[in-house]
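Fold and geometry: a report
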Amino acid sequence: MHPSTHLKSLPPPPSDQPPQTFLDLITSVLSLLLISSLTVRSFIGRWQVIRTKLTSLQSSLSLLSDSPHWSQNPLLHTLLPSVLSTLQRLHSLSQQCGLSSFPAGKLLFQSDLDMASSALSNHLHDFDLLLKSGVLYQSNAIVLSHPGPSSGKDELAFFVRDLFTRLQIGGVEFKKKALDSLIQILNDDEKSASLVSKEANVGYLINLLDSNHQRLIQEQAVMAVSILASASDEARKIVFEEGGLGPLLRILDTGSMPLKEKAAIAVEAITADPENGWAISAYGGVAVLIEACRSGSEATRTHAVGAIRNVAAVEDIKMALAEEGAVPVLVHLLVSSTTTSSAHEKAAHCVAILASSGEYFRTLIIQERGVQRLMDLIQSLPNSNTIEHVLRAISSLSVLDSVARILSSSTLFLIRLADFIKQGSLILQQISVSLVASLTISDGNKRAISGCLGPLVKLMELPKPAGLQEAATVALVSLLTVRSNRKELVRDEKSVMKLVQMLEPKHELVVKKFPVMVVAALVSGGSGECRKRLLAAGAYQHLQNLAEMDVAGAKKALQRLAGNKLKKIFSRTWRE
């Protein structure tokens, strides 16, 4: 008789019986199996392995029965009947081995035996989980109560352990309820992410991302992993180390729209750690992220471009971005009316990173009409982080002569730079000042942005960020080649006083050659009004001191400032 036929002749496991009834039956069948496994005549090696597993099962059952609340755990209502069924199957197989009777052939019998042995291993794993979790030592009433914000750490840890035990051992309904609880606790309690990282089998949760699992379970698992990865550095690290990035990228590539959105959130969170960036390339994720930016939903695009922003500085990925066509997609995101403000900022950041990465990338951006589009954004965007990235991109592109000519000839663009110098954040001021200093601007456009002369003098006083004093000086000297700008600046009494104070040797925050350069520029055109106002403010004495200290340019500036005065002195001396 075929083994499976013999199994069907065994009485089915009783249903709706208390756990103790199942435990008694299991103990009875287990005792018989331990004896019969010693009398088998065939497959002796396999039965030795099975006997070791049966002995382990006996120990686990003993520990189970010693747990004060074991019978209250709902998982045992499905686990114990399953264990009994496996043991009954093994008992039937042991009888056939004792008789060396294999009507259906040894190969089929061997397959039946291996499957029963594998099922036994799974049961041992489940019992081990239950016993190690400690959930059998506390009343089930605690488990059913969802920990609130005032719950202690121990109670929360116990709940997480019980939740993951149900997730790993239970059937579909247990898994759904466990995932619901996990999502709720991750959303409700900030402490929970850290506890889940420490107490839970995150690797099993990531395993549920596989498309082989039921759709609803996969959806819940993606949501849980997404929340977990975004919750803290510690949680993000464990998700990555347990291999979460690969499955998340597959979901982003082939999943449904809701799943793609959650996966994109998680991928962006994981790549926020610079040390994880290399893995995007290893998993073939560059093309996936670009496609998500191209055709994903609004939310998916926002987080996918965020992930690209996170890894764009990694050298290998940078080249992959170029080869996979990221630049056209990023530039399109910048100008798309359907792009969220967050996606705008991240796309601008990406473009800025690539623009600073060499001529190859600058050429790609220019080919997409990137310069004009970036200039248009400068006019339309509010003063924000996005503006900073756009300005950085323009600044990097401006090293190309063709781009510099376009920027220099755009009055609207230069006026916008002047606006940033007057009232932008310090970082916007720094980038804008550097641009004005580096561009070759016509006299007409210099007059158009004369309103930033005073603010440039103020920026000369700032010791940080590095390079700002020099850039402000160079920008001022450039703008002061126009006579009307020189007159406008010296009529600004506050700016003149600031400039003269910077000349004072005791004023140590400013490198002296910078205010000297500005004074020299002011008096270079021979304007009596400029000399008169600087002399009245006390510039002569300070320049004299600086000349004696051999400060670069001080002697020449002093001569220009005192030119007429010295002539009058010499003339008077000659007459006398």
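That block above? That's the structure.
This report concerns the structure included in the present document. Residue positions within a chain follow its written sequence, with the count starting from 1. For a predicted model such as this one, the threshold for reporting local features is a pLDDT of at least 70, and the threshold for listing and counting side-chain atom pairs is 80 or more; totals across whole chains, interfaces and linings nevertheless cover every residue. Hydrogen atoms and water are omitted, and side-chain values are computed over all heavy atoms in the structure.

1. So, the environment of Ala269
This is how it is decided: Secondary structure is summarised from DSSP: a helix means a run of H or I of at least four residues, a strand means a run of E of at least two, and numbering begins at the N terminus for each. Residues are treated as being in contact if the distance between any of their heavy atoms lies within 4.5 Å.
Positionally, Ala269 belongs in helix α14 (residues 257-271). For Ala269, the contacting residues outside a window of four places in its chain are Ala229, Ser230 and Arg236.

2. With respect to the packing of aromatic side chains
Heads up, the rule is: Side-chain rings of Phe, Tyr and Trp (the six-membered ring for Trp) are treated as a pair once their centres are within 6.5 Å; stacked means planes under 30 degrees apart, edge-to-face means over 60, and tilted covers the remaining angles. Each residue is assigned to one of three classes by its accessible area relative to the maximum for its type, calculated with a 1.4 Å probe on protein chains only: buried under 20%, partly exposed between the two thresholds, exposed over 50%.
Within this structure, the stated rule accounts for 2 aromatic pairs. Geometrically, the ring pair formed by Phe240 and Trp278 is edge-to-face, given 6.3 Å between the ring centres and 80° between the ring planes. Here Phe240 is found in helix α12 (residues 233-241), whereas its partner Trp278 is found in helix α15 (residues 278-282), with 38 residues between them in sequence. For the pair Tyr360 and Phe361, a centre-to-centre distance of 5.3 Å together with 70° between the ring planes defines the contact as edge-to-face. Here Tyr360 falls in the partly exposed class, since its relative accessible area comes to 44%. Judged by relative accessible area, Phe361 falls into the buried class, the value being 3%.

3. Quick look at the packing of helix α13 (residues 245-254) against α14
Just so we agree on the cut-off: To get an axis, a line is fitted to the C-alpha atoms, and for a helix only the part in contact is used. The angle between two axes follows their N-to-C directions and goes from 0 to 180 degrees. Small angles under 35 degrees read as roughly parallel and large ones over 145 as roughly antiparallel, with 65 to 115 read as roughly perpendicular and the rest as oblique. Crossing chirality is assigned from the near helix's rotation relative to the far helix, an anticlockwise turn below a right angle marking it left-handed and a clockwise turn marking it right-handed. Throughout, the ten residues Ala, Val, Leu, Ile, Met, Phe, Trp, Tyr, Cys and Pro are labelled nonpolar, Asp, Glu, Lys and Arg are labelled charged, and all others, Gly among them, are labelled polar.
At a minimum axis distance of 8 Å, the contact between α13 and α14 shows a crossing angle of 140°. Taken together, the axes of α13 and α14 are oblique relative to one another. Between α13 and α14 lies a crossing whose hand is left-handed. Counted together, Leu245, Leu248, Leu249, Ile251, Leu252, Asp253 and Thr254 of α13 and Leu259, Lys260, Ala263, Ala264, Ala266, Val267 and Ile270 of α14 form the full contact between these two elements. Grouping the amino acids of the contact of α13 with α14 by side-chain chemistry returns 11 nonpolar, 1 polar and 2 charged.

None of the figures reported here should be taken as evidence of function without further support.
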